[in-house]
Amino acid sequence: TPNPHNTVYLGDRAIVFMAILLCFGSLVLQFFVAWRLFDRWLALIACIFILFCDTMWQYSTSGLPQMLLLFLFNATLYALVRAVEAKYQNGATGLWLIATGAGFGLLALTHALTIFIFVPALIFIMFLFRPRARAAALVLSAFLILYLPWLIRTWIVCGNPAGLAFYSALDGLGHTEAGWMRQVVFHADELGPAALRDKTINNLILQMGHILEYLGWSVVAAMFFVSSLHLFKRAETSVMRWMLLAMWAGAVIGMAIFGLNEEQGVSANQLHLLFVPLMTCYGLAWLLVQWNRLGLQLRLARAAFIGLLFLLCAFPMINSLYLTLLGPPRAFFRWPPYIPPYISILNQWMKPEEITASDMPWAVAWYADRKSLLVPDSVKAMTDLADYGYLGGPVAALYLTPISGTENKLRDIIKGDYREWAPAILQSQEVSKLPFKWGTLSLGFEKECVFLSDHDRSRESSP
């Protein structure tokens, strides 16, 4: 576990290492996809552009699922391209369509929001391939075989097939996502079509206002939208540009409904990143076509043009490297606003059968290897859960991080979702009204974390 002398947990290192491997693996898949749609030279140049995309590396060290999604998405695109090629060459498409459906199934298992990418792809496949019913059935069957069992399992476990994704869709509709999850008894009084409409429209405006940022600050990738009006010579290349545009539009709708909540510049719902590699290929192809139309035969001028495009796309990464090497020290890993070593100490303070209520229970489970409960919306709800033994153990402590403290406005603490826990968050004298009387009201480098318990645990250690 982490400690003040080694703040990076081994599990975090493993996750980042795997994400980087997936990033390189996705580049390999992108190369073969681009090679089949364009040529080997353009595929290689596009891969170099992506390799120096700073946003890709930011997500590689975030612990979020984007790199796995990117790898699976590129693998799915490869199967889809092969199916389109077989269609125009009068070859067998069945196995490639099954592989495409399986790829979308794995994507949905990784992040359910990718279903919004699958639906337009399925519609497009149904109209592109013949017979339509057979093509759609092959793709949909492969998708459901992988995804449906997990929906059934989730339904059996928690009575809701969507699981926590259901609460993600409610984020911003009266409460935050965490606010809805903290309700022991679900109240839908504040929900309505008008609230969902306003949230969706606001998120659409937000996405369009930051589209270049979401595309990794890549000018070349942004040129895809212009290239979609260009008629490419190869039928497969022309068809795939429209399919890519349809899938991206589906992703935009999904992100507008569920929202993009960023922490330190990254978001688990950011799906624009998946389209950057292939969009870069189309944008680069279109820009090179326009360059050729100038009639300049100088190889040096063409190389300089490509170099200028590369500098424009790689500038954010160059700037990040400059700040890393010559600027103030910065952490390599991206953590939410908590400090792992001051969570891992709960492994010694709490017994295995005891439960800690926290605003970041997954961090307590990951770094401290102890049971944790998301802080309920009221003190009474937590007391009832403990008294009636619903959780299989005593709720013996309260651990609050900046998630509920300094990350919120004062009004949100006093009158918002955490209002009943305001005495602990604000470290006021009214903390005596809470069920836990003893506490360390300041932990961490900036004294922002709060730990309250039923007795002094700082001098104890679990067996």
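Just above sits the structure.
Residues numbered from 1 in each chain as written. Predicted model: local features only at pLDDT ≥ 70, side-chain atom pairs only at ≥ 80, totals over all residues. Heavy atoms only, no water.

1. Comments concerning the overall build of the protein chain
For the protein chain, the count of helices and strands is 22 helices and five strands. Intrachain contacts of the protein chain at a sequence separation of at least 6 include 67% that bridge at least 24 residues. Total accessible area on the protein chain is roughly 22800 Å²; 65% of this is exposed by carbon and sulfur atoms. (Helix = DSSP H or I, 4+ residues; strand = E, 2+ residues; numbered from the N terminus. Contact = heavy atoms within 4.5 Å. Areas by Shrake-Rupley, 256 points an atom, 1.4 Å probe, with all protein chains shown as cover.)

2. Brief notes about helix α20 (residues 379-387)
For α20, the set of buried residues is Val379, Ala381, Met382 and Leu385. Burial along α20 is one-sided: seen end-on, the buried residues are contained in an arc of 165°. Seen from the buried face of α20, the exposed residues on the opposite side, beyond 90 degrees, are Lys380 and Asp387. On its buried face, α20 is in contact with β1 (355-358), β2 (371-374) and β3 (395-400). Downstream of α20 by a residue or two, Gly389 has a phi angle that is positive, lying close to 65°. (Buried < 20%, exposed > 50% of the residue type's maximum accessible area, 1.4 Å probe, protein only. Arc of directions from axis to C-beta.)

3. A look at the pairing of strand β5 (residues 449-453)
With respect to burial, β5 is a largely interior element, five of its five residues being buried. Every second residue of β5 is oriented toward a common face, with Cys449, Phe451 and Ser453 on one face and Val450 and Leu452 on the other, all of them buried. As paired strands, β3 and β5 are joined by four bridges and run antiparallel to one another. Each residue of the ladder has a partner; that of Leu400, found in β5, is Val450. (Pairing = 2+ DSSP bridges.)

4. Notes on the packing of helix α14 (residues 235-258) against helix α15 (residues 272-293)
The relative placement of two packed helices comes down to the angle between their axes together with the axis-to-axis distance. At a minimum axis distance of 11 Å, the contact between α14 and α15 shows a crossing angle of 155°. With respect to each other, α14 and α15 are oriented roughly antiparallel. The chirality of how α14 crosses α15 is left-handed. Every residue of α15 that contacts α14 at Thr237, Met240, Arg241, Leu244, Met247, Trp248, Ala251, Val252 and Met255 is listed here: His272, Phe275, Leu278, Met279 and Tyr282. (Axes fitted to C-alpha atoms, helices over the stretch in contact; angles between N-to-C directions. Parallel < 35°, antiparallel > 145°, perpendicular 65-115°, else oblique. Left-handed = near helix turned anticlockwise from the far one by under 90°.)

5. Let's talk about the nonpolar core
As a rule of thumb, soluble globular proteins bury nonpolar side chains together. Core analysis: the biggest nonpolar cluster contains 84 residues, and Met67, Ile117, Met240, Met247, Phe275 and Tyr282 have the highest contact counts within it. Looking at this core element by element, the count peaks at 14 residues for α15. Here Phe275 is in contact with Phe73, Ile117, Leu244, Met247, Trp248 and Ala251, once residues within four sequence places are set aside. (Core = buried A, V, L, I, M, F, W, Y, C linked by side-chain atoms within 4.5 Å.)

6. Some words on the packing of helix α10 (residues 193-209) against α14
At a minimum axis distance of 7 Å, the contact between α10 and α14 shows a crossing angle of 125°. In this view, α10 runs oblique relative to α14, as classed from their interaxial angle. Like other packed secondary-structure pairs, α10 and α14 cross with a definite hand, here right-handed. Contacts between α10 and α14 involve Leu196, Lys199, Thr200, Asn203, Leu204, Gln207 and Met208 from the former and Trp248, Val252, Met255, Ala256, Ile257 and Phe258 from the latter. In terms of residue class, the contact of α10 with α14 is made up of nine nonpolar, three polar and one charged. (Nonpolar A, V, L, I, M, F, W, Y, C, P; charged D, E, K, R; others polar.)

7. Here's the deal with the packing of aromatic side chains
Enumeration according to the criterion identifies 21 aromatic pairs in this entry. Centroid distance Phe224 to Phe225: 5.5 Å. Interplanar angle 65°. Geometry classified as edge-to-face. You can call Phe225 partly exposed: its relative accessible area is 26%. Every member of this aromatic cluster is reached through a ring pair, and the members are Phe38, Phe224, Phe225, Phe232, Trp248 and Tyr282. The ring of Tyr88 is capped by Lys87, whose NZ or CZ atom sits 4.4 Å from the centre of that ring. A cation sits over an aromatic face here: Arg182 above Tyr418, 4.1 Å from the ring centre. (Phe/Tyr/Trp six-rings, centres within 6.5 Å; stacked < 30°, edge-to-face > 60°. Lys NZ or Arg CZ within 6 Å of the ring centre and 35° of its normal.)

8. Observations concerning the environment of Ala386
Summarising the element assignment, Ala386 is placed in helix α20. Taking relative accessible area as the criterion, Ala386 reaches 28% and is therefore assigned partly exposed. For Ala386 and Ile355, which are 31 residues apart along the polypeptide, the C-alpha to C-alpha distance reads 9.4 Å.

9. Examining a nonpolar patch on the surface
On the surface, Leu140, Leu144, Leu148, Ile152 and Ile156 cluster together into a nonpolar patch covering about 430 Å² of accessible area. As for its position among the elements, Leu144 is in helix α7 (residues 132-158). Assessed through its relative accessible area of 34%, Leu144 is described here as partly exposed. (Patch = residues over 30% accessible without salt bridge, like charges linked within 9 Å, V, L, I, M, F, W, Y side chains within 5 Å. Salt bridge = Lys/Arg side-chain N within 4 Å of Asp/Glu carboxyl O.)

10. Looking at the side chain of Thr200
Relative to the helices and strands, Thr200 is located in helix α10. Here Thr200 falls in the buried class, since its relative accessible area comes to 18%. Those residues within four positions of Thr200 in sequence are excluded, and the remaining contacts are Ala256 and Ile257.

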